[in-house]
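Chains, contacts and geometry: an overview
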Amino acid sequence: MSTVSSTGSASSSSASASYSGYTRGFNATELAQIAYEDRLSKADSLDTKITTNKTKISSYQSLQSLLQAVQVPLDSLRNSVKVTGDSSDAFLKRSATLTSSDSTSASSYLSATAKYGTSLGDHEIVVNQVAKAERLGSSEQSSSSDTMNLSGTFTLGTVSADDGSSDPSSAVITITDDMSLSDIADAINVSASATGVNASVVQTSGSEYMLVLTGAKTDRQITLNAGAGTDDVLVSLGVIDALGAKVDQLQAAQAAKLTIDGVSISRASNTIDDALSGITLDLYKPTVTTASSTTIDSGSGATVTSSSVTSNTLTLDVSNDISSIESEIDEFLSAYNSLRDFVLTNQSLNSNGTASDTAVLFGDSILRGVSSSVQSILSSNVNGVSLGSIGISFDINNYLVLDSEKLSNALSNSYDSVQALFSYQMTSSSGSLMLLKSSDSLTSASFSLDVQVDGSGNLSSVSCNGDSSLFTVSGSSIKGATGSIYEGLSFVYVGKTSQTISVSVSAGIAERMYNSIDTYADSYSGQLASQISYLQEQDTDLSTRISAIQSDAEAYREFLLTKYSNIAAKLALAQTTLTMLEALSKSG
């Protein structure tokens, strides 16, 4: 029996050691956390993918911005809206230069600006007189702030100086006996928009003040009519006499008078924008001056007054604004070279031949495609004229380099060729056919349009090289048919007779490059926008999957915590039971 007891005791002791050791090594929280992190590790690769995508998105966005920056100067060099005469076309910008026939600066007489597309040429201008506003003065008053003790009303206004009656404007001015000279001026100015007359108080000496009435517009006479009241305010102020005549006319109203190319011109204003088409003139002072001199007749001793007239002729030269074009080309080169920096960065290699960390878009098809397209276009020519012909060349790293002197000479001597090199061109054998919109895809074509009109002179049909299916007619517009090579091309016909018209169109480097870049960089439909959107959607999906993994891992951890806690509790209970049995065994 003792032997059996001894054996049982040994077994119990061994079991106690085993359970006790397991209980001390069993940590439910730690075990659940290990399992949680194992499941959560599935999200690590997805998170890495999101980081990679974000880096790529950032690079795509940088490329998109660089390409759009290149498009800005190209837009001016290509004629952006592609409508004849559009004001964004750098080649239609004009420079208006004035020179004087004497030593006086022409800019002291007038200034001139020319709109886009204004006809080139010279004009001779002589300014005989500038337009002036009428100015009237009152009698001198001893104070500007003391009460005048005048009350009553009068009507104040202006009329055209041409006939003294047309185009009237006026208002009734009310004066009360508590008003000072300054108050009277303020009362007049309150109604200035209705009367066309402004009032001011001028201190003529230390203690003398004058009310001055000035027409708001040139070539308009001031009208004054006394009204009801105890005082005739205007007479009391010395502006008019008892008969209503103006007392002190400081300056008479007059129109501007000048001759342009020998033609006499008269205008009410010194700003003239309707004498020469597309040109605005601002007159400052006459170019014709009269000088008087007096001499004593040697025979009679009488004083003889003589006058001499000096006339200075100004020459207005309307020319192409070459400096503006040079500026746009400079901006284009700068923007392109910034793009080139980006391309080279994303093509860089480490010493072991692998892509460098900065080459995020290394081998990217979009970057490769836009770079190849741009290089091809820049290397092309139009009618034998290339960028190299006008002073723009590539260096060994394909950066663009400018020879400013060569470009300036090309613009001065071969302006039309430079324009054709950059912009979209359309030539027609008829002035009745005008380009309304160019085609993005048709870069060069020559064809004949057989235009037919009906008995009323309305456009009825058009055939192209004998084929009536290539263009459609709507009103006066002629549009390339959908699916044809002329799709996107649009003309307007203003003629009233049927005729056959020879047409030639060609897209310059700026036009072609802009359209090519647009397929990649357009903010809505470009390849970059599509790829950025795709990666952002992918990141959204990956984030959703990561959230699901995190939720699943969290739920699994809670499950294991409960499970392992229950096991720990059972082990603890077993340990307690074992301890009791051991105690009983020892006591027995």
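Attention here is on the structure that accompanies the text.

Rules used in this analysis
- Every chain is numbered on its own, with residues counted from 1 as its sequence reads.
- Reporting of local features is limited, given that this is a predicted model, to residues whose pLDDT is at least 70; pairs of side-chain atoms are given and counted only at 80 or more, and all residues count toward the totals for whole chains, interfaces and linings.
- Note: side-chain values were computed over all heavy atoms of the structure, leaving out hydrogens and water.
- Two strands make a pair as long as DSSP finds a minimum of two bridges between them.
- Runs of E in the DSSP output that reach at least two residues are strands. Runs of H or I that reach at least four are helices, and both are numbered from the N terminus.
- Orientation is described by axes fitted as lines to C-alpha atoms, over the contacting stretch for helices, and by angles from 0 to 180 degrees between their N-to-C directions.
- Working definition: rings of Phe, Tyr and Trp (its six-membered ring) pair if their centres are within 6.5 Å, and the pair is stacked with planes under 30 degrees apart, edge-to-face with planes over 60 apart, and tilted otherwise.
- Throughout this description, buried means an accessible area under 20% of the type-specific maximum (1.4 Å probe, protein chains only), exposed means over 50%, and partly exposed covers the range between.
- Sitting over a ring, as applied to charges here, requires NZ of Lys or CZ of Arg to be within 6 Å of the ring centre and within 35 degrees of the ring normal.
- When an angle is under 35 degrees it counts as roughly parallel; over 145 it counts as roughly antiparallel; between 65 and 115 it counts as roughly perpendicular; any other value is oblique.
- Note: crossing handedness is left-handed where the near helix turns anticlockwise from the far helix by less than a right angle, and right-handed where it turns clockwise.
- Pairs of residues are marked as contacts when any of their non-hydrogen atoms sit within 4.5 Å.
- Residues are grouped as follows: Ala, Val, Leu, Ile, Met, Phe, Trp, Tyr, Cys and Pro are nonpolar; Asp, Glu, Lys and Arg are charged; every other residue, Gly included, is polar.
- Surface patches are defined over residues having more than 30% relative accessible area and no salt bridge, joining like charges when they lie within 9 Å and nonpolar side chains (Val, Leu, Ile, Met, Phe, Trp, Tyr) when within 5 Å.
- All accessibility values rest on the Shrake-Rupley procedure with a 1.4 Å probe; residue burial counts only the protein chains present in the view.
- By convention in these notes, a salt bridge is any Lys or Arg side-chain nitrogen within 4 Å of a carboxyl oxygen on Asp or Glu.
- Lys and Arg are tallied as positive, Asp and Glu as negative. Neither His nor the chain termini are counted.
- Here the site of a charge means NZ on Lys, CZ on Arg, CG on Asp, or CD on Glu.

Moving on to the sheet that holds strand β12 (residues 263-267). Across the sheet, 5 strands lie side by side as β1-β17-β3-β11-β12; this open sheet has antiparallel pairing. Among the strands making up the open sheet, the edge pair consists of β1 (94-100) and β12. Adjacent strand axes in the sheet meet at a mean angle of 30°, parallel and antiparallel pairs treated alike. Relative to β12, strand β11 (residues 256-260) runs antiparallel, the two sharing 5 bridges. By the bridge assignment, A256 is partnered in β12 with R267.

Turning our eyes to something else, we now look at the packing of aromatic side chains. Counted under the stated rule, the structure contains 8 aromatic pairs. Centre to centre, the rings of F91 and Y415 are 5.9 Å apart; their planes meet at 75°, and the pair counts as edge-to-face. Here F91 is found in the loop between α3 (44-78) and β1, whereas its partner Y415 is found in helix α10 (residues 415-422), with 324 residues between them in sequence. The same class applies to F91 and to Y415, which are both buried. Members of the aromatic cluster, joined through ring pairs, are F447, F471, Y486 and F491. The positively charged end of K285 is found above the aromatic ring belonging to Y109, 5.1 Å away from the centroid.

Attention now goes to the packing of helix α2 (residues 28-40) against helix α12 (residues 527-587). The packing of two helices is summarised by the inter-axis angle and the distance between the axes. The contact between α2 and α12 brings their axes to 8 Å, and the two run at 155°. Here α12 runs roughly antiparallel to α2, going by the angle between their axes. By crossing handedness, the relation of α2 to α12 is classed as right-handed. On α12, the residues touching A28, T29, L31, A32, Q33, A35, Y36, R39 and L40 of α2 are I549, Q550, D552, A553, E554, Y556, R557, L560, L561, Y564 and S565. Looking at side-chain class alone, the contact of α2 with α12 contains 12 nonpolar, 4 polar and 4 charged residues.

Let us look at a negative patch on the surface. A contiguous patch of negative charge, built from D177, D178, D183 and D186, is present on the exposed surface. Structurally, D177 is set in the loop between β6 (169-175) and α4 (181-190). Judged by its relative accessible area of 47%, D177 falls in the partly exposed class.

Let us look at the pattern of salt bridges. For the structure on display, the rule yields 8 salt bridges. Put simply, R78 and E511 hold a salt bridge, and the shortest N to O gap is 3.1 Å. Placement of R78 in helix α3 and of E511 in helix α11 (residues 509-521) is noted, with a sequence separation of 433 residues between them. Given a relative accessible area of 4%, R78 falls into the buried group. Across the pair R220 and D167 runs a salt bridge, and its minimum N-O distance is 3.0 Å. Residue R220 is located in strand β9 (residues 220-226), and its partner D167 is located in the loop between β5 (152-160) and β6; the two are separated by 53 residues in the primary sequence. With a relative accessible area of 54%, D167 lands in the exposed category. Through salt bridges that share partners, D75, R78 and E511 make up one connected network.

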